[in-house]
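Commentary on secondary and tertiary structure
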Amino acid sequence: MNLTSFTDYGLRMLMRMASAPDQAFSTADMAEEFKLSRNHLAKIMQRLAQGGIVETRRGVNGGAVLRSSPAEIRLGDIVRLLEQGQALVECLGPTGGDCTIEGCCRLKFRLRQAEARFIADLNRSTLADIALPQQAVA
């Protein structure tokens with residue numbers, strides 16, 4: 001299984017935000033810190049805001065802040081949000097793909113179960129569990 005860079009970068013951003021949950025973070029600052037595209041991080045931040053993980057604020061003291069305590073934000077929920085629309089295999093996608101063995105395939109159900117268990121296992125941990133240590137961000 002391979003998570004998208006969208007999810008990877010989103011998790012990095014949230015790990016950073018969890019290290020100082022009361023601080024507002026700009027995508028420009030995080031882009032510089034992680035040496036990533038500001039535009040790409042802005043799209044990720046927008047998805048996180050739409051999903052209710054962060055709240056964005058404009059202005060001088062603007063930026064993004066976590067909407068909940070890091071201990072209340074489950075990792076599986078983050079991954080599910082950021083991987084939205086990314087099927088594990090073609091047949092699990094929204095259109096079902098163009099599979100020639102549809103109807104007799106015994107793999108689809110097992111893959112769907114494995115994906116659900118993966119998310120459930122991640123949901124046993126929270127953002128607080130993976131927050132960056134202060135010395136890593138100082």
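Residues numbered from 1 in each chain as written. Predicted model: local features only at pLDDT ≥ 70, side-chain atom pairs only at ≥ 80, totals over all residues. Heavy atoms only, no water.

**Description of helix H1 (residues 5-18)**
How we decide: By the criteria applied, helices consist of DSSP H or I runs no shorter than four residues and strands consist of E runs no shorter than two, each listed in order from the N terminus. A helix's residues, less one, multiplied by 1.5 Å, set its expected span. Burial status follows relative accessibility: with a 1.4 Å probe on protein chains alone, a residue under 20% of its type maximum counts as buried, one over 50% as exposed, and anything between as partly exposed.
In this model H1 runs 20 Å from its N-terminal to its C-terminal C-alpha over 14 residues, within 8% of the 20 Å that 1.5 Å per residue would give. The element H1 is extensively covered by neighbouring structure, given that 10 of its 14 residues are classed as buried. When H1 is considered as a whole, its buried residues turn out to be Phe6, Thr7, Tyr9, Gly10, Leu11, Met13, Leu14, Arg16, Met17 and Ala18.

**Looking at the nonpolar core**
Side chains of a nonpolar character, in soluble globular proteins, are inclined to be buried together. Rules: Only buried residues count toward a nonpolar core, which is a set of Ala, Val, Leu, Ile, Met, Phe, Trp, Tyr and Cys residues joined through side-chain atoms within 4.5 Å. Any two residues whose heavy atoms approach within 4.5 Å are treated as being in contact.
If you look at the biggest cluster of nonpolar residues, it comprises 29 residues, and the most contacted ones within it are Leu14, Met17, Leu48, Val54 and Ile78. For this core, the secondary structure elements donating two or more residues are H1, helix H2 (27-34), helix H3 (38-50), strand S2 (63-66) and helix H4 (75-82). With seven residues, H1 is the largest single contributor of residues to this core. Among residues more than four places away in sequence, those in contact with leucine 14 are Leu48, Ile53, Val54, Leu66, Ile78 and Leu127.

**Some words on unusual backbone geometry**
A positive phi angle, near 60°, is found at lysine 35, a position not held by glycine. Inspection of the secondary structure assignment puts lysine 35 in the loop between H2 and H3. According to the relative accessible area criterion, lysine 35 is exposed, its value standing at 72%.

**Points about the environment of alanine 120**
As for its position among the elements, alanine 120 is in helix H5 (residues 107-122). Residues alanine 120 and glycine 76, 44 residues apart in the sequence, show an inter-C-alpha distance of 6.4 Å.

**Observations concerning the pattern of salt bridges**
The test is simple: Salt bridge criterion: a side-chain nitrogen from Lys or Arg within 4 Å of a carboxyl oxygen from Asp or Glu.
Under the criterion given, the structure shown has six salt bridges. Where arginine 57 meets glutamate 55, a salt bridge forms, and the shortest distance between an N and an O atom there is 3.5 Å. The exposure class of arginine 57 is partly exposed, given its relative accessible area of 43%. Assessed through its relative accessible area of 35%, glutamate 55 is described here as partly exposed.

**Some details on the packing of H1 against H4**
Condition: Between N-to-C directions, angles span 0 to 180 degrees; the directions come from axes that are lines fitted to C-alpha atoms, helices contributing only their stretch in contact. Put simply, angles under 35 degrees are roughly parallel, angles over 145 are roughly antiparallel, angles from 65 to 115 are roughly perpendicular, and the rest are oblique. Should the near helix be turned anticlockwise from the far one by less than a right angle, the crossing is left-handed, and should it be turned clockwise, the crossing is right-handed. Residues were grouped as follows: Ala, Val, Leu, Ile, Met, Phe, Trp, Tyr, Cys and Pro as nonpolar; Asp, Glu, Lys and Arg as charged; and all remaining residues, including Gly, as polar.
Where H1 meets H4, the axes come as close as 9 Å, and the angle between the chain directions of the two elements is 140°. Taken together, the axes of H1 and H4 lie oblique to each other. Both H1 and H4 take part in a crossing whose hand is right-handed. Across from Phe6, Thr7, Gly10, Leu11 and Leu14 in H1, the residues of H4 making contact are Ile78, Val79 and Leu82. Per-class residue counts for the contact of H1 with H4 are six nonpolar, two polar and no charged.

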